[in-house]
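A structural walkthrough
As a plain string of letters, each chain reads:
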Amino acid sequence: MAASPLPLALLDLAPITAGQAARESFEASVAVARAAERSGYRRVWYAEHHNMPSIASSATSVLIGYIAARTDTIRLGAGGIMLPNHSPLVIAEQFGTLATLFPGRIDLGLGRAPGSDQNTMLALRRDPTSADSFPQDVLELQGYLSGKTRVPGVQAVPRAPEVVPLYILGSSLFGAQLAAQLGLPYAFASHFAPAHLHQAVEIYRETFQPSAQLEQPYVIAGANVFAAEDHDEAVRQMTVAYRARTRAMISRGAVGTNFTDAEIDAFLASPNGRQLAAMTKYTAAGTPEEVRAYLEDFAASCGADEVIVAHYASEIDDRVRSVELTGEAVLKAA
């Protein structure tokens, strides 16, 4: 009897590539979501970041609504909303609205990081201690979404007939412990913070307490993917994309700085650069068969029930094709 295929999800940061306008980025995200939908991916998530010229997903709930109106069946959500940046009531209203407009299709992943730098955090009116109340804020939000408010006399309107499912996002042991305590699915950001993946998953599974939302622990782990018909082409796309990523990260705040490929490669070979390169430890680059084998081994090694993949090819046609090839190889392999 054939085994069930590994469930796949997609993480889209709505990247703004060199020479591209934000509007073009949004249209690219529509194309990527449609490719994921027809390829059988389970969901597409968008991440909240601020003050990053290369990422257009800052107004995450607005983007989810835009994509939902241009797709038909695939689940869409936040991976994640950085809850300490917001009032739980406002997020409940936003996602209650989304779930009312697009029933059965909306997820809500929650993180506690700023998704920004220190000055941007202050511009968001976020107090440096905001993250301390993250567990209480999750419970308050959960109360609004379920119609069991924890704040007397306050309800989130509109509230969808269904309860929007919550996911705890993390890159440390804190998120694993909280997700286990609350009985919520846990998504680990191993696509850019791989260090504690295995330990966090182990703690989550060992300490999980069943809840109304979830009876058994459920783990989503992140990986990066560059899939192409030809192995060398996939590696080329990875090299171009990771050089651009490195260039954007080290140029932040230095407008006009333009590092050559040779300078970027030299930096990545340096001690500081190796630390940056280590962030993308979990990357599959190759043919569809090579990518499938990598992702299946990756999921088995960390006990993931689902893998959320980020396709980072700089050219949108390559990104869409990577989404399609990965879906065909993984989801239709069984």
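Located above this text is the structure these notes cover.
All of the points below concern the structure found in this document. This is a predicted model, so every value here is computed, not measured.

Details of the packing of helix α5 (residues 134-146) against helix α6 (residues 173-182)
- Running from amino to carboxyl end, α5 crosses α6 at an angle of 35 degrees, the nearest separation of the two axes being 11 Å. Every pair of crossing elements has a handedness; the one defined by α5 and α6 is right-handed. Of α6, the residues touching α5 (which contributes F134, P135, V138 and L139) are F174, L178 and L182.
- The residue inventory of the contact of α5 with α6, partitioned by class, reads seven nonpolar, no polar and no charged.

Considering the packing of aromatic side chains
- Applying the stated rule across the entire model yields six aromatic pairs.
- With 5.5 Å between their ring centres and 40 degrees between their planes, Y186 and Y204 make a pair best called tilted. Residue Y186 is located in strand β6 (residues 186-188), and its partner Y204 is located in helix α7 (residues 197-207); the two are separated by 18 residues in the primary sequence. As far as burial versus exposure is concerned, Y186 and Y204 are alike and both buried.
- Plain terms: the ring middles of Y282 and F298 are 4.9 Å apart, the flat faces sit at 50 degrees to each other, and that makes the pair tilted. Here Y282 is found in the loop between α10 (271-278) and β8 (283-286), whereas its partner F298 is found in helix α11 (residues 288-302), with 16 residues between them in sequence.
- Its guanidinium or amino end placed over the ring of Y66, R70 lies 3.6 Å from that ring's centre, counting from NZ or CZ.
- Here the guanidinium or amino end of R112 rests over the ring plane of F174, the centre of that ring lying 3.8 Å away.

Topic: the pattern of salt bridges
- Inspection of every chain in the model, using the stated rule, returns 15 salt bridges.
- The partner of R42 in a salt bridge is E306, with the nearest N and O atoms 3.7 Å apart. With R42 in the loop between α1 (22-39) and β2 (43-46) and E306 in strand β9 (residues 306-311), this residue pair connects regions lying 264 residues apart in the sequence.
- Here D265 makes a salt bridge to R243, at a shortest N to O gap of 2.7 Å. Separated by 22 residues along the polypeptide, D265 in helix α9 (residues 261-268) and R243 in helix α8 (residues 231-250) bring together distant segments of the chain.

Concerning the nonpolar core
- Ranked by size, the top nonpolar core spans 89 residues in total, and within it L108 and L295 carry the most contacts.
- Here this core gets six residues from one element, more than from any other, and that element is strand β7 (residues 219-227).
- L108 has contacts with A78, I81, I91, F95, L141, L145, V164, P165, L166 and Y167, leaving out every residue within four places of it along the chain.

Examining the packing of α1 against helix α2 (residues 60-68)
- Axis separation between α1 and α2 bottoms out at 10 Å; the angle between their running directions is 55 degrees. If you check the angle between α1 and α2, you find them oblique. Between α1 and α2 lies a crossing of right-handed hand. Of the residues in α2, those touching α1 at R23, F26, E27, S29, V30 and A33 are L63, Y66 and I67.
- A per-class count over the contact of α1 with α2 returns six nonpolar, one polar and two charged.

Thresholds, definitions, all that
- Residues numbered from 1 in each chain as written.
- Predicted model: local features only at pLDDT ≥ 70, side-chain atom pairs only at ≥ 80, totals over all residues.
- Heavy atoms only, no water.
- Axes fitted to C-alpha atoms, helices over the stretch in contact; angles between N-to-C directions.
- Helix = DSSP H or I, 4+ residues; strand = E, 2+ residues; numbered from the N terminus.
- Left-handed = near helix turned anticlockwise from the far one by under 90°.
- Contact = heavy atoms within 4.5 Å.
- Nonpolar A, V, L, I, M, F, W, Y, C, P; charged D, E, K, R; others polar.
- Phe/Tyr/Trp six-rings, centres within 6.5 Å; stacked < 30°, edge-to-face > 60°.
- Buried < 20%, exposed > 50% of the residue type's maximum accessible area, 1.4 Å probe, protein only.
- Lys NZ or Arg CZ within 6 Å of the ring centre and 35° of its normal.
- Salt bridge = Lys/Arg side-chain N within 4 Å of Asp/Glu carboxyl O.
- Core = buried A, V, L, I, M, F, W, Y, C linked by side-chain atoms within 4.5 Å.
- Parallel < 35°, antiparallel > 145°, perpendicular 65-115°, else oblique.

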